[in-house]
Amino acid sequence: MKQLTVRGLGDELTRAIRRLANRDGTSLNRAAVKLLRRGAGLAGPGPDTVGSSLDHLIGTWNDAEAGEIESALRHFEGVDEALWE
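Rules used throughout
Residues numbered from 1 in each chain as written. Predicted model: local features only at pLDDT ≥ 70, side-chain atom pairs only at ≥ 80, totals over all residues. Heavy atoms only, no water. Helix = DSSP H or I, 4+ residues; strand = E, 2+ residues; numbered from the N terminus. Buried < 20%, exposed > 50% of the residue type's maximum accessible area, 1.4 Å probe, protein only. Contact = heavy atoms within 4.5 Å. Areas by Shrake-Rupley, 256 points an atom, 1.4 Å probe, with all protein chains shown as cover. 1 Å grid on protein atoms, 1.4 Å probe; cavity = no way out; pocket = protein on both sides within 12 Å on 5 of 7 lines; lining within 4 Å. Points joined across faces, edges and corners; volume = space filled by probe spheres on them.

> An account of the overall build of the protein chain is needed here, citing residue identities and associated values.
Of regular secondary structure, the protein chain possesses three helices and zero strands. From first element to last, N terminus to C terminus, the protein chain shows the α and β order α-α-α. Taking all 85 residues of the protein chain together, the buried fraction comes to 8%. Here the analysis covers contacts within the protein chain between residues at least 6 apart in sequence; of these, 11% occur between residues at least 24 apart. Taken as a whole, the protein chain presents about 7400 Å² of accessible surface, with 55% of it coming from carbon and sulfur.

This is how it looks when you write it as structure tokens:
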């Protein structure tokens, strides 16, 4: 699957994406893709979701395992501002 960074969504569109995600009980990414597909006239038959290959893992980690994963991924939380100039 391709990835795309979209900037300048604005507050109104961001709220709409959040509302859809909350309503559908899905991620912001899936909600945004669903709205993009609708806007592109691709909302008919076909997947409105992406990235579901790890869904089988949802809810399977215990607290210790979740803590290990969070610890291992912590260094990805930082943003290198120089890369965004």
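After presenting the structure, the write-up continues.
> Before we move on, could you go through the layout of surface pockets and cite the residues and values that matter?
The volume enclosed by the largest pocket comes to roughly 620 Å³. For the largest pocket, the lining is made up of 17 residues, of which Leu4, Asn29, Ala32, Val33 and Leu36 are closest to its centre. Mapped by element, the contributors of at least two residues to the lining of the largest pocket are helix H1 (10-24) and helix H2 (28-39). Residue contributions to the lining of the largest pocket peak at six residues, all from H2.

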